[in-house]
Amino acid sequence: MLRRVPRAAALLLLAAFVAGLVAGCATSASAQSHPTSSDSSAMPGMSDPMPTGDGLAASSAGYTFVPASTTVPANQPDTFTFHITGPDGRTVTWFQPDQTVLMHFYLVRADLGDYQHLHPTMAADGTWTVTLPPSAPGAYRGYVTFTTPDAAGQPMAYVLSQRLTVPGPASTVPVPPAANPVLVDGYTLSLSGMPMVGQESMLTVRVSQDGRPVTDLQPYLDSYAHLSAFHTGDLAFAHLHPSGVANGDHGGPDLRFEADLNKSGTWRMFIQFQTNGVLHTAAFTVDAM
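The following paragraphs examine the structure supplied in this document.

Rules behind the numbers
- Residues numbered from 1 in each chain as written.
- Predicted model: local features only at pLDDT ≥ 70, side-chain atom pairs only at ≥ 80, totals over all residues.
- Heavy atoms only, no water.
- Buried < 20%, exposed > 50% of the residue type's maximum accessible area, 1.4 Å probe, protein only.
- Helix = DSSP H or I, 4+ residues; strand = E, 2+ residues; numbered from the N terminus.
- Pairing = 2+ DSSP bridges.
- Salt bridge = Lys/Arg side-chain N within 4 Å of Asp/Glu carboxyl O.
- Phe/Tyr/Trp six-rings, centres within 6.5 Å; stacked < 30°, edge-to-face > 60°.

**Re the pairing of strand β4 (residues 104–109)**
Part 1 of the reasoning: Across the 6 residues of β4, 6 count as buried, placing the element largely inside the fold.
Part 2 of the reasoning: Along β4, one buried face is formed by His104, Tyr106 and Val108 and the opposite face, lined by Phe105, Leu107 and Arg109, is buried too.
Part 3 of the reasoning: The pairing of β4 with strand β8 (residues 138–149) spans 6 bridges and is antiparallel. Along β8, the bridge assignment pairs valine 108 with arginine 141.
Part 4 of the reasoning: As judged from the 4 bridges shared by β4 and strand β5 (residues 115–118), these two strands associate in the antiparallel manner. The residue bridging valine 108 from the neighbouring strand is tyrosine 115, located in β5.
Part 5 of the reasoning: The turn joining β4 and β5, which pair antiparallel and follow one another in sequence, is formed by 5 residues; a positive phi near 65° is taken by leucine 112.

Right under this line is the structure:
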């Protein structure tokens, strides 16, 4: 048996239903819209996600690395420009900071004899610009790593790359054999830990100088060191995430990294750290099992 609802109660129920419907529509529209600013303050408190894959493709999940040119002049500085297109084919202009910067660019020679880690700047239209140092002739690969929200607003990290050429007579430099410790700019770096394929392992790099532990490392990209690795032969990319957050100019002597390499074989690992305002780059050759 149906009961008649009083007119006042019916009006209240109808008002509540309409309010809920409007709020739901507003939430849906907000989730589907994409901001176009690179101001990181719009997305506070997000941790840096790690890119997946080996970085050997120019496209992933609809995002594509599009350089203005795949040729770089030899032995002279060069202004290199590129943009990133999204799944809708449009140039992406919204990026979330990854280790304090919006874009990482790596230029690596095929024999791993030259490594550059640079931070481009973006124009309002999504064009990225980076000044490349003089490069010797040879085959190279340029990588970009970045984080941008997906359709649901969740941050997703990507690593993409393109083959680049520096024209001219080229010579190949053999990859240095495994050595531990390694020396750079008067510092001694000792590596402990064994990288394992397909599982996370902890690597530790100890920094010393003249036999004494170094404890005055300065923050670099929100940590006390940056470590990236490239597989010999195919140049597969791996970014090894540092443990801990930098706090003042008193880092060291031990730098720890969470390593998860994606294939077995020989890797060249480049570690960067900063002292007295100077950035140092050292490299280890390691075998992953």
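**Some details on the pattern of salt bridges**
Part 1 of the reasoning: Per the stated rule, a full pass over the model turns up 3 salt bridges.
Part 2 of the reasoning: In this structure, arginine 109 engages aspartate 111 in a salt bridge whose closest nitrogen and oxygen atoms are separated by 2.9 Å. One exposure class covers both arginine 109 and aspartate 111, and it is buried.
Part 3 of the reasoning: One salt bridge in this structure joins lysine 263 and aspartate 234, with 2.6 Å as the shortest N-O distance.

**Digging into the packing of aromatic side chains**
Part 1 of the reasoning: According to the stated counting rule, one finds 20 aromatic pairs in the structure shown.
Part 2 of the reasoning: Taking 5.6 Å as the distance between ring centres and 35° as the angle between the ring planes, the aromatic pair formed by phenylalanine 146 and tyrosine 158 counts as tilted. On the criterion of sequence distance, the pair formed by phenylalanine 146 in strand β8 and tyrosine 158 in strand β9 (residues 155–166) is long-range, its members being 12 residues apart.
Part 3 of the reasoning: Residue tyrosine 158 is classed as buried on the basis of its relative accessible area, which comes to 8%.

Keep in mind these numbers describe shape, not what the thing actually does.
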